[in-house]
Amino acid sequence: MKVRVVLAVALALVGMAPAAAAATQVKVLQLNICNSGVAGCYTGRAVSKAVSVITSTKPQVLSVNESCSGDVEPLRQAMGVARVAFVAAQRPDGSPVLCTNGQHYGNIVMVTESLAGSTTATGKYSAQDTSTEQRVWACLPGGRISACTTHLSARSGSTALAQCKELMAKAVGYTRPTVVAGDMNLRYQGSPNVQDCNPSGFYRKGDGSVQHIFASADLAFVSGTKIDMSGTTDHPGWLVTVNMG
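Residues numbered from 1 in each chain as written. Predicted model: local features only at pLDDT ≥ 70, side-chain atom pairs only at ≥ 80, totals over all residues. Heavy atoms only, no water.

Draft legend 1. Examining the side chain of Asn65 more closely. Topologically, Asn65 is positioned in strand β2 (residues 61–68). A distance of 2.9 Å separates a polar side-chain atom of Asn65 from the backbone nitrogen of Asp183. When neighbours within four sequence positions are excluded, Asn65 is seen to be in contact with Gln30, Leu31, Asn32, Ile33, Cys34, Gly106, Asn107, Thr149, Thr150, His151, Gly182 and Asp183. (Helix = DSSP H or I, 4+ residues; strand = E, 2+ residues; numbered from the N terminus. Polar contact = N/O pair within 3.5 Å; in protein donor to acceptor, adjacent residues only side chain to side chain. Contact = heavy atoms within 4.5 Å.)

And the structure:
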């Protein structure tokens, strides 16, 4: 009889033990949609393709480069309820760079409402090349995940590397977990090497070319997938999936 009682108590205690919390899967999607209307890669079809890709992949974090301010709303509708930061690239006089349609030209970062914080941060890099387009960054720090986007110098590799290091230094101070995505115009094992701006406590996953996603080490890497953009832009989509414990 005593054995049965002890066994019953033991089983009850096992049943009372809390189950391990399941990891939350987070998809980070990086897109360069070449939508200024100026560059030769412009097709006028990249936004609709981006909407299709967002709808099918369902990312929780979205980074978009070479976008116009009017692209924010259709992309947000595809994302669902999300926090958004848009930052316009700047001319040397501080005025915004414009798309050919007159809208501001720059970068977008979005984080789904369930993961996003309430803070927005944007800025211009200290290091700039000789181009009339001065490069910028945008972040949504805080919440359950912090996220940043950027598009770095295309004219000078050393400038792009300095810009990358400047942004990652900011990202290190944000609430973790943290992801930084963008067209870095730097390659892995290139000269300079994009890996040289990867700080301690982070890892990098690239598309084999110039788009990269940096993630804090508390995000477990699951997979990386290149997405065909069907000729609507000159870059593939780059989707990195991580697990957030």
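Draft legend 2. How the structure looks around the packing of aromatic side chains. Applying the stated criterion across every chain yields a total of 0 aromatic pairs. When the ring centre of Phe221 is taken as reference, the NZ or CZ atom of Lys205 above it lies at 4.2 Å. (Phe/Tyr/Trp six-rings, centres within 6.5 Å; stacked < 30°, edge-to-face > 60°. Lys NZ or Arg CZ within 6 Å of the ring centre and 35° of its normal.)

Draft legend 3. Just empty space enclosed by the protein, in detail. Under the counting rule described, the total for this entry stands at 1 cavity of 30 Å³ or more. Here the largest cavity is characterised by a volume of approximately 50 Å³. If you go around the largest cavity, the residues you meet are Glu66, Ala89, Tyr105, Gly106, Asn107, Glu133, Arg135, Val136 and His151. Top element by residues in the lining of the largest cavity is strand β4 (residues 105–112). It accounts for 3 residues. Considering only residue class, the lining of the largest cavity consists of 3 nonpolar, 3 polar and 3 charged. (1 Å grid on protein atoms, 1.4 Å probe; cavity = no way out; pocket = protein on both sides within 12 Å on 5 of 7 lines; lining within 4 Å. Points joined across faces, edges and corners; volume = space filled by probe spheres on them. Nonpolar A, V, L, I, M, F, W, Y, C, P; charged D, E, K, R; others polar.)

The quantities given are spatial measurements derived from coordinates; they are silent on function.
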